[in-house]
Amino acid sequence: MSTNSKDSPLFAQRALSHAQQLAKIGRGSATPAEKAAAEYIKAQLNSMGIPEVKVQLFSGERSLWLFIALTLGLALVGHAAYWLLSTPLGALPAVFIAWLAFGFSGYLLWCKFTQDDYPLRKTLPHAPSQNVIAKLPPTGEVQRHLVLVAHLDSHRAVFWFATDFLVRLFTPIAIAAVFGVYLAIPVYGLAILTHWPALGWLGLFLALIHFIGWFTGVTADLGRYSPGANDNASAMGTVLALAQRLKAQPMQNTEVWLAFTGCEETSGDGMLALIEQYGPLLKEALFLDFEMVGIGDEISYIRQEGNIRPLTIPSETEAFIKEAGRHYGLKIAKAPLVGAATECSILWRHGFKAVCLIANRKGSTLMPEWHRLTDTPDHLEVGCLERVHGLAWDVLQRFDQ
Ligand SMILES: [Zn+2]
């Protein structure tokens, strides 16, 4: 691997300059800025002499936060039904209406977190989005497929992400908001049976949490998008640099696909569109997904993700990446925060082999600059991009053998 360590600084520098270009403005999901990023990628791949760069169009969800507003708004209807209708209608009808609202809210959350389709999904605002897809053929016969994945879009810089303190506060509030929808059902039921005041207070506390969540949901889209230098221009730059290197030093028997996906930050519609169209061709492929690979002195892979029903990396994929990452001190990422998920869980859910690589600062569980307005290119570290490039290149070599 001696050529690897010699070449990595050069390609890391290229990854950095791509990231600098891509992170000049925020790239909201299904917006013209996301499309401009896709056009930049396509132009770069064309200029490398990669033939057949495809733009796959789809209709993508514009905001994750409107889903939050919808579900927690329903929960607020439940609280209001209990507190406002008990006198005019009687306790039992009031609690029954509250249960219907909590039940429907809980059902939508369950579907979302288990990645099932849910009613009203199509009624949330959608707009045109795209994936950029390209293939790099091997010198010999195609025996394997590997897909390098980086998402195009960046997230709204919602105030919960603005400081480390708020990010830490966000986690328990998000847990309380999600599980509170289910908890409210027995709490109000027992409240009318036992007339125990503490249960009423617990209900009001949950109502406050749901109000905070709902308010965040309805106001989130008024703010700006994060420039997304680390999340995820660092990954796009990394994949572009790998593409350039693969063009000069092709694989022997591995066809490498590049997938730059839209709408990862809202609902993963880009990955879903890719799976729908190309899934049958890539059933045996290994997906290597890059997330926030521009800041930090450690690289980790995500072992498990998702809420309510978490998904885990397939064991053979884990064994492979652990072995490949040994030389790089590859760690297991701490369980991502509530509400945070990557395209890997979508791939795992559909039965694909996938690994998500993510960089972090030693000893910190926080993701550097995650969804912040300060996620600008000047915070990117070329040393981090170099380690990630080196590891990815070793993974490619290993997979090709
Ligand atoms: Zn991301």
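First things first, this report covers the structure right here in the doc. (Residues numbered from 1 in each chain as written. Predicted model: local features only at pLDDT ≥ 70, side-chain atom pairs only at ≥ 80, totals over all residues. Heavy atoms only, no water.)

Turning our eyes to something else, we now look at the side chain of Ser129. Positionally, Ser129 belongs in strand β2 (residues 126-136). Side chain to side chain, Ser129 and Glu34 meet in a polar contact 2.7 Å long. (Helix = DSSP H or I, 4+ residues; strand = E, 2+ residues; numbered from the N terminus. Polar contact = N/O pair within 3.5 Å; in protein donor to acceptor, adjacent residues only side chain to side chain.)

Within soluble globular proteins, side chains that are nonpolar generally end up buried alongside one another. Leu45, Leu148, Leu258, Phe260, Phe287, Phe290 and Leu357 are the most contacted members of the largest nonpolar core, which has 117 residues in total. Beyond its immediate stretch of four places on either side in the chain, Phe290 contacts Leu148, Val149, Ala150, Asn232, Ala235, Thr238, Val239, Leu242, Leu357, Val388 and Ala392. Ala30, Ala127, Cys263 and Ala273 belong to the second largest nonpolar core, which has five residues in total. (Core = buried A, V, L, I, M, F, W, Y, C linked by side-chain atoms within 4.5 Å. Buried < 20%, exposed > 50% of the residue type's maximum accessible area, 1.4 Å probe, protein only. Contact = heavy atoms within 4.5 Å.)

With distances of 2.0 to 2.1 Å, the protein atoms coordinating the zinc ion are His151 (NE2), Asp231 (OD) and Glu291 (OE). Every donor residue of the zinc ion comes from the same chain, spaced as H-x79-D-x59-E. Of this pair, Asp231 sits in helix α7 (residues 229-248) while Glu291 sits in strand β5 (residues 286-291), placing them 60 residues apart in sequence. With a relative accessible area of 5%, Glu291 lands in the buried category. (Donors = N, O, S within 2.8 Å, 3.2 Å for Na, K, Ca; no water.)

Further remarks concern the sheet that holds strand β10 (residues 353-360). Either a parallel or an antiparallel arrangement is found when strands of a sheet pair, and the pairing is made through backbone hydrogen bonds. Reading across the sheet, the eight strands line up as β1-β2-β4-β3-β5-β10-β6-β9 and stay open at both edges, with mixed pairing between neighbours. Pairing within the sheet leaves two strands with one partner each, and these edge strands are β1 (54-61) and β9 (331-332). The pairing of β2 with strand β4 (residues 254-261) spans five bridges and is classified as antiparallel. Paired with Ile133 across the bridge in β4 is Ala259. (Pairing = 2+ DSSP bridges.)

Checked against the element boundaries, Phe11 lands in helix α1 (residues 2-22). Under the relative-accessibility criterion, Phe11 is labelled buried at 6%. When the C-alpha atoms of Phe11 and Gln244 are compared, they prove to be 8.4 Å apart, with 233 residues separating the residues in sequence. Residues contacting Phe11, with those up to four places away along its chain left out, are Ala241, Gln244, Arg245 and His389.

Before going further, it helps to spend a moment on the packing of helix α3 (residues 65-89) against helix α4 (residues 91-113). Two numbers describe how α3 lies on α4: the axes approach to 7 Å, and their chain directions differ by 170 degrees. Looking at the two axes, α3 sits roughly antiparallel to α4. In terms of residue class, the contact of α3 with α4 is built from 20 nonpolar, five polar and one charged. (Axes fitted to C-alpha atoms, helices over the stretch in contact; angles between N-to-C directions. Parallel < 35°, antiparallel > 145°, perpendicular 65-115°, else oblique. Nonpolar A, V, L, I, M, F, W, Y, C, P; charged D, E, K, R; others polar.)

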